[in-house]
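# Coordinates in review
Given next are the chains, with one letter for each unit.
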Amino acid sequence: MDNQTRLFTPVLITGCSIILVSFAIRASFGVFQIPIAEEFGWARTEFSMAIALQNLFWGIGQPLFGAMAEKVGDRKAIILGAIAYAAGLLLSSQSVTPGGMQMSEVLVGFGIAGTGFGVILAVVGRASSDDNRSMSLAITTAAGSAGQVIGAPVAEALLGAYSWQVVFMLFAVVIIAMLMLLPFMRAPTRPASRAELEESLGAILLRAAKDPSFSLIFIGFFSCGYQLAFITAHFPAFVTEMCGPIAPGGILHGLGITTTSALGAVSIGVIGLCNIVGTLTAGWAGKRFTKKYLLAGIYVARTIVAAAFILLPITPTTVLLFSAAMGSLWLATVPLTSGLIAHMYGLRYMGTLYGIVFLSHQLGGFLGVWLGGRMYDLHGDYTLVWWIGVGVGALSAVVHLPVKEARGPKLAPA
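Quick look at the structure, then. Quantities reported herein were computed from a predicted structural model and do not represent experimental measurements.

### Structural notes on the packing of helix α13 (residues 260–286) against helix α15 (residues 316–329)
Direction vectors running N to C along α13 and α15 enclose 35°, while the axes themselves pass 6 Å from each other. In the packing of α13 onto α15, the handedness of the crossing is right-handed. Counting all contacts with α13, which are made through L263, S267, V270, I271, C274, N275 and G278, the residues of α15 involved are P316, V319, L320, S323, A324, G327 and S328. Residue classes in the contact of α13 with α15 are distributed as eight nonpolar, six polar and no charged.

### Quick look at the environment of V166
Topologically, V166 is positioned in helix α8 (residues 164–177). Owing to a relative accessible area of 27%, V166 belongs among the partly exposed residues under this scheme. For the pair V166 and H361, spaced 195 residues apart in sequence, the C-alpha separation works out to 31 Å.

### Side note on the packing of aromatic side chains
Tallying each qualifying case throughout the model produces 29 aromatic pairs. Taking 5.7 Å as the distance between ring centres and 85° as the angle between the ring planes, the aromatic pair formed by F214 and Y345 counts as edge-to-face. In this pair, F214 is assigned in helix α11 (residues 212–242) and Y345 in helix α16 (residues 333–345), connecting sequence segments 131 residues apart. The exposure class of F214 is buried, given its relative accessible area of 6%. For Y345, a relative accessible area of 4% corresponds to the buried category. With centroids separated by 5.9 Å and ring planes inclined at 45°, the aromatic side chains of F238 and Y382 adopt a geometry described as tilted. With F238 in helix α11 and Y382 in the loop between α17 (350–379) and α18 (383–399), this pair connects stretches of sequence that are 144 residues apart. Of the two residues, F238 and Y382, both sit in the buried class. In this structure an aromatic cluster arises from ring pairing among F230, F235, F238, F309, F322, Y376, Y382 and W386.

### Regarding the nonpolar core
Membership of the largest hydrophobic core comes to 120 residues, with the highest contact counts inside it found for F32, L89, I175, F235 and W386. The leading source of residues in this core is α11, at 15 residues. Each residue touching L89, except ones within four places of it in the same chain, is listed here: I25, F29, V108, F168, F171, A172 and I175.

### Quick look at the side chain of S136
Residue position: S136 is located in helix α7 (residues 133–159). If near-sequence neighbours (up to four positions away) are discounted, S136 is found in contact with L7, L12, V124 and S128.

Definitions and limits used
Each chain has its residues counted from 1, following the order in which its sequence is written. Totals for whole chains, interfaces and linings use every residue, but because this is a predicted model, local features are given only for residues with pLDDT of at least 70 and side-chain atom pairs only at 80 or more, for both listing and counting. Hydrogens and water are ignored here; the side-chain numbers use all heavy atoms of the structure. Helix axes use the C-alpha atoms of the stretch in contact, all axes being lines fitted to C-alpha atoms, and the angles between their N-to-C directions lie in the range 0 to 180 degrees. Under the scheme used here, helices are H or I runs from DSSP no shorter than 4 residues and strands are E runs no shorter than 2 residues, and both carry numbers assigned from the N terminus. In this scheme the handedness of a crossing depends on how the near helix is turned from the far one: anticlockwise by less than a right angle means left-handed, clockwise means right-handed. Note on contacts: a residue pair qualifies if any of its non-hydrogen atoms lie within 4.5 Å across the two residues. Any residue that is not Ala, Val, Leu, Ile, Met, Phe, Trp, Tyr, Cys, Pro, Asp, Glu, Lys or Arg is counted as polar, Gly included; the first ten are nonpolar and the last four charged. Here the term buried applies to any residue with accessible area under 20% of the maximum for its type, exposed to any over 50%, and partly exposed to those in between, with areas from a 1.4 Å probe on protein chains only. Planes of paired rings set the category: under 30 degrees apart is stacked, over 60 is edge-to-face and the rest tilted, where pairs are Phe, Tyr or Trp rings (Trp by its six-membered ring) whose centres lie within 6.5 Å. Throughout, nonpolar core names a set of buried Ala, Val, Leu, Ile, Met, Phe, Trp, Tyr and Cys residues whose side chains join them through atoms within 4.5 Å.

The following block contains the structure:
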């Protein structure tokens, strides 16, 4: 059977492995929020700014690494990303000032860009057949969710045995070891369509810039980043401080989850676990239904779930229910958004175009993480930041409705 007609190819499996490792480490940073702040006596804003900068430079780096992969090769872009990731983690482990930590996280952000969705999804998309592409993108995205399942709990367990500095150094070693998989990251040559061959990167960027639908997708992805980054960075601390106590003798207590701190780490894992199902479902649905309506529905559901959670008493039960519900909607937007871009503009420059849209996602992530820390320091809780997330989620649901999914007309030569 031809490699491109199979769903599970070496490229897909390797891409999933790289995404899993990259996202497992990224998803664990919220667990370090309290230990680092307590060791140095930092305000919550300081480490929040570090994670916010990580998200911002992940977004800035995404179109750059996407373009690099398309110009000089996918594997070279991934190698550079892994080196930046590991260097950022090592520098973070030696940081003793807020400024040092924040500058180190700039490198981590670039590293995630080089080993994350923008580069990997583009390779997987090119290596997949038209029939398999939606599901391949969903499976790769779900691998990121699998990383989230294990990332925070593993970090929590390692912090029980080692200092946070040693844990960061161990993570750096794992990132470099991941490069051993790259020989399998070789996408088969895919013949470009005549339209793709005729259209340069500059021309397609200009077409996207003039297309109102591309602008709407860009705006809509902002709230996704705001919600996800805020929860990843602050939800463990939020649960630790705001959740009601875990009852002795209950199911959670019997499973060894005896503190709200442990529950906070587990909640990130629950989000990731449920996200695997949600993302695969989104990939299946993206092949059969209109993607813009699916995206609007996901944002509506997120808005309802987030509003209900903050209005109800925060207990271990509601934390787990929220984590499961939000998890099923977590990264379901990614295969739909990336698939929508591939459908509208073709595969040749998918990495760059998705990277541009993803920049909006990370601008939202920067705001969500930084604002979470800032509002906590000012008011002692996250309530206002949470309600802003509810509002931007509702906005994203609305802006996707006018998107035109058909391929736009190619610009005439200048």
